[in-house]
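# Topology and contacts: notes
Below, each chain spelled out in residue letters.
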Amino acid sequence: MSKIRTHALEPSKTVLLLVDFVNPLDFDGAAALAPSALEAARQTSSLRRRLAAEGVRTVYANDNYGQWTSDFKALWQHCRAAPGIAGKIAKLMAPKRDDFVLLKPRHSAFYATPLDLLLDQLRCKRLIVTGIAADNCVLFSAMDAYLRGYSVWIPVDCVAAESAAARDSALEQMARVLKADIRPSEAVRTGR
């Protein structure tokens, strides 16, 4: 029996999690969400560049849309080719060669995915959760991160919801219950 060789991953004590940014935006409420999603993508793209310069790794966590044979690259290409805001967001959030990607079957990036194992191998202690929607998939992912003992930062300018009130309410709850840092992306020194 031959052994499977594993390669140690370079540690990244902080990891940037991109939740559902690669998205065709074809659901009820998408029209209300789209403008704030585009702004969140712009801010997250800027944050991502700063983090990459510090060696912070990026993980995409996207819905599989109920299709168990989904492929992230095909999803990104489909969204990139879409007209309007979905295409703009996909172009802003283009994956890099060394990014990690996973498809999630439900709201949380942790539920039924290998995310926790990946973060453990990266020796991650702090998770920066960004994406759409703040009051749904971002909230569930942040809750699961907190339950697993990660320090959580959810930059207010890097998440979107169908309304500012829904975003702010979710962020207030995450700050209060999860002890999450919700300051804007420019306000916190990232550190590797």
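What counts and what doesn't
- Residues numbered from 1 in each chain as written.
- Predicted model: local features only at pLDDT ≥ 70, side-chain atom pairs only at ≥ 80, totals over all residues.
- Heavy atoms only, no water.
- Helix = DSSP H or I, 4+ residues; strand = E, 2+ residues; numbered from the N terminus.
- Buried < 20%, exposed > 50% of the residue type's maximum accessible area, 1.4 Å probe, protein only.
- 1 Å grid on protein atoms, 1.4 Å probe; cavity = no way out; pocket = protein on both sides within 12 Å on 5 of 7 lines; lining within 4 Å.
- Points joined across faces, edges and corners; volume = space filled by probe spheres on them.
- Nonpolar A, V, L, I, M, F, W, Y, C, P; charged D, E, K, R; others polar.
- Core = buried A, V, L, I, M, F, W, Y, C linked by side-chain atoms within 4.5 Å.
- Contact = heavy atoms within 4.5 Å.

### Comments concerning the environment of Arg42
One can find Arg42 in helix 1 (residues 30-53). Note on Arg42: relative accessible area 42%, which makes it partly exposed. With 107 residues separating them along the chain, Arg42 and Gly149 place their C-alpha atoms 29 Å apart.

### Some details on the layout of surface pockets
One number sums up the size of the second largest pocket: a volume of about 230 Å³. As for the second largest pocket, its lining consists of Ser45, Arg48, Arg49, Ala52, Gly55, Val56, Arg57, Thr58, Leu92, Lys96, Asp98 and Asp99. Of all the secondary-structure elements, those providing two or more residues to the lining of the second largest pocket are helix 1 and strand 2 (57-63). Top element by residues in the lining of the second largest pocket is helix 1. It accounts for four residues. Residue classes in the lining of the second largest pocket are distributed as three nonpolar, three polar and six charged.

### Description of the nonpolar core
Within the largest apolar cluster, 32 residues are counted, with the highest numbers of intra-cluster contacts made by Leu17, Leu127, Ile154 and Met174. Element by element, the count of residues in this core is highest for helix 5 (residues 137-147), at five residues. Setting aside residues no more than four positions away along its own chain, Met174 makes contact with Ala134, Val138, Leu139, Ala142, Ile154, Lys179 and Ala180. Ranked by size, the runner-up nonpolar core spans 31 residues in total, among them Val22, Ile89, Cys158 and Ala160.

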